[in-house]
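# Coordinate analysis (summary)
This is what each chain is made of:
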Amino acid sequence: MLLLVTGSADGTADRLVNRYGDGIFRLNYDLWKEYELSFTNDGWEIVSPAGLVINSELVTCAYWWKAFSFFALGDDKYVKAEVKYILKDIYGWCWFNGLSKGNPIDFHNKLGKMTINTLAKNYFPLPETLVTLRSYGIQALSQKSVIAKSLSSEQSGDGSVLHTTEVPLDNIDPSFPWFLQEKVDSKWDITIFYCNSQVFGFKRSRESLKGLDWRAEQDTLMREQEWFPFDVEDSVKKALISLSGDLCVEFGRYDFMTNTEGKLEFLEFNANGQWVFLDVTDRYGLLDCVVDWLKA
């Protein structure tokens, strides 16, 4: 039985459950009070609100999908931390016993964007990139158009989010940490979903964007197809398989842009990035690929 640790309002999890069919146990972190759970030195067992049971004998696979993106409203901070610890411990038990699928829940705490870049540059061209404190080394980007991005994707204290934004180097505040990158002029955003050595390429036109970051203008309700298939060359497929091996991943999303020569420039890898928005009508096989991978 597959243990899916997620949240109650996640549309990707909804699709996975519907397509997977029997043999899946969904544990919604934000509804933890509705589950019964026991974890002893001899094993663990969880009972769902509907009476479905999964335990350390029945589990065949564990998949962690954005569980902590959802919050149990009203719970004390300490209580939330304890529940998180319990769920991470159960997932860790599954990982230790060779039953986990996907990337570790703390993947980006171990391999950050710049470390990933050092591996990606063996296979793809990259724009000039700088992470800096006190503006140290900023001269490397002089005479270039520069964009600022977020490393952590965390919200600020007032709840705002830093999307990709063009910034003049003269206005860089040295008292602030910066993740800066040479601006790539491109007509297309390219993203490639990778699952179990299969690649699914998609492109989105930048011509109608009001800003630089497509995420700021994404239709989060997924009412229509915004991304369309992009033919991934064999050489790129081989490079992605090799890079995924270097990263020790079998699942994730790679983001690129096309440069002036029509070549792909590597931007970043998201180990647990959303992917359903690429195939909103299940036309291109992403959902089937993920379900088959989880069942294997």
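Throughout what follows, the structure given in this document is the object of discussion. (Residues numbered from 1 in each chain as written. Predicted model: local features only at pLDDT ≥ 70, side-chain atom pairs only at ≥ 80, totals over all residues. Heavy atoms only, no water.)

When you tally the buried positions in strand 2 (residues 24–28), you get 5 out of 5 residues, the bulk of the element. Burial of the side chains of strand 2 extends over both faces: Ile-24, Arg-26 and Asn-28 are buried on one face and Phe-25 and Leu-27 on the other. Across 5 bridges, the pairing between strand 1 (residues 2–6) and strand 2 is parallel. When the sheet's bridge partners are listed, Thr-6 is paired in strand 2 with Asn-28. Taken together, strand 1, helix 1 (residues 11–20) and strand 2 form a β-α-β motif whose crossover is right-handed. (Buried < 20%, exposed > 50% of the residue type's maximum accessible area, 1.4 Å probe, protein only. Helix = DSSP H or I, 4+ residues; strand = E, 2+ residues; numbered from the N terminus. Pairing = 2+ DSSP bridges. Right-handed = clockwise from strand over helix to strand, strands pointing away.)

For helix 4 (residues 113–120), the set of buried residues is Lys-113, Ile-116, Asn-117 and Ala-120. Buried residues in helix 4, looked at end-on, bunch into an arc of 105°, giving them a common side. Those residues of helix 4 that are buried are in contact with helix 3 (107–110), strand 8 (129–132), strand 11 (178–182), helix 5 (234–247) and strand 16 (264–270). (Arc of directions from axis to C-beta. Contact = heavy atoms within 4.5 Å.)

A few words now on the pattern of salt bridges. All told, the structure shown has 11 salt bridges when counted by the stated rule. Across the salt bridge formed by Asp-282 and Arg-15, the nearest N and O atoms sit 3.2 Å from each other. Separated by 267 residues along the polypeptide, Asp-282 in the loop between strand 16 and helix 6 (286–295) and Arg-15 in helix 1 bring together distant segments of the chain. Arg-15 gets classed as partly exposed once you look at its relative accessible area, which sits at 22%. Two residues, Asp-255 and Arg-253, come together in a salt bridge whose shortest N-O distance is 3.2 Å. (Salt bridge = Lys/Arg side-chain N within 4 Å of Asp/Glu carboxyl O.)

A word on the packing of helix 4 against helix 5. The N-to-C vectors of helix 4 and helix 5 enclose an angle of 135°; their axes lie 10 Å apart at closest approach. Between helix 4 and helix 5, the angle is such that the two are oblique. Helix 4 and helix 5 meet at a crossing whose hand is right-handed. Touching Ile-116, Leu-119 and Ala-120 of helix 4 are Leu-243, Asp-246 and Leu-247, all from helix 5. Each residue belonging to the contact of helix 4 with helix 5 can be placed in one class, and the counts come to 5 nonpolar, no polar and 1 charged. (Axes fitted to C-alpha atoms, helices over the stretch in contact; angles between N-to-C directions. Parallel < 35°, antiparallel > 145°, perpendicular 65-115°, else oblique. Left-handed = near helix turned anticlockwise from the far one by under 90°. Nonpolar A, V, L, I, M, F, W, Y, C, P; charged D, E, K, R; others polar.)

To continue, consider the environment of Leu-2. Mapped onto the elements of the fold, Leu-2 is located in strand 1. Residues Leu-2 and Pro-229 lie 227 residues apart in sequence; the distance between their C-alpha atoms is 30 Å. Not counting the four nearest positions on each side in its chain, Leu-2 is found in contact with Tyr-20, Gly-23, Ile-24, Phe-25, Ile-54, Thr-60, Cys-61, Ala-62, Tyr-63 and Leu-294.

Let us look at the sheet that holds strand 4 (residues 43–47). Paired through backbone hydrogen bonds, the strands of a sheet run either parallel or antiparallel to each other. Taken in spatial order, the 3 strands line up as 3-4-5 in an open sheet, and their pairing is antiparallel. One side of each edge strand has no neighbouring strand; the edge strands of this open sheet are strand 3 (36–40) and strand 5 (53–55). Sheet twist, expressed as the average angle between the axes of neighbouring strands with direction ignored, equals 10°. Alignment of strand 3 against strand 4, held across 5 bridges, turns out to be antiparallel. Following the sheet pairing, Phe-39 is matched in strand 4 by Trp-44. Here helix 2 (residues 77–96) sits on the sheet in contact with strand 3 and strand 4, set at roughly 60° to strand 3.

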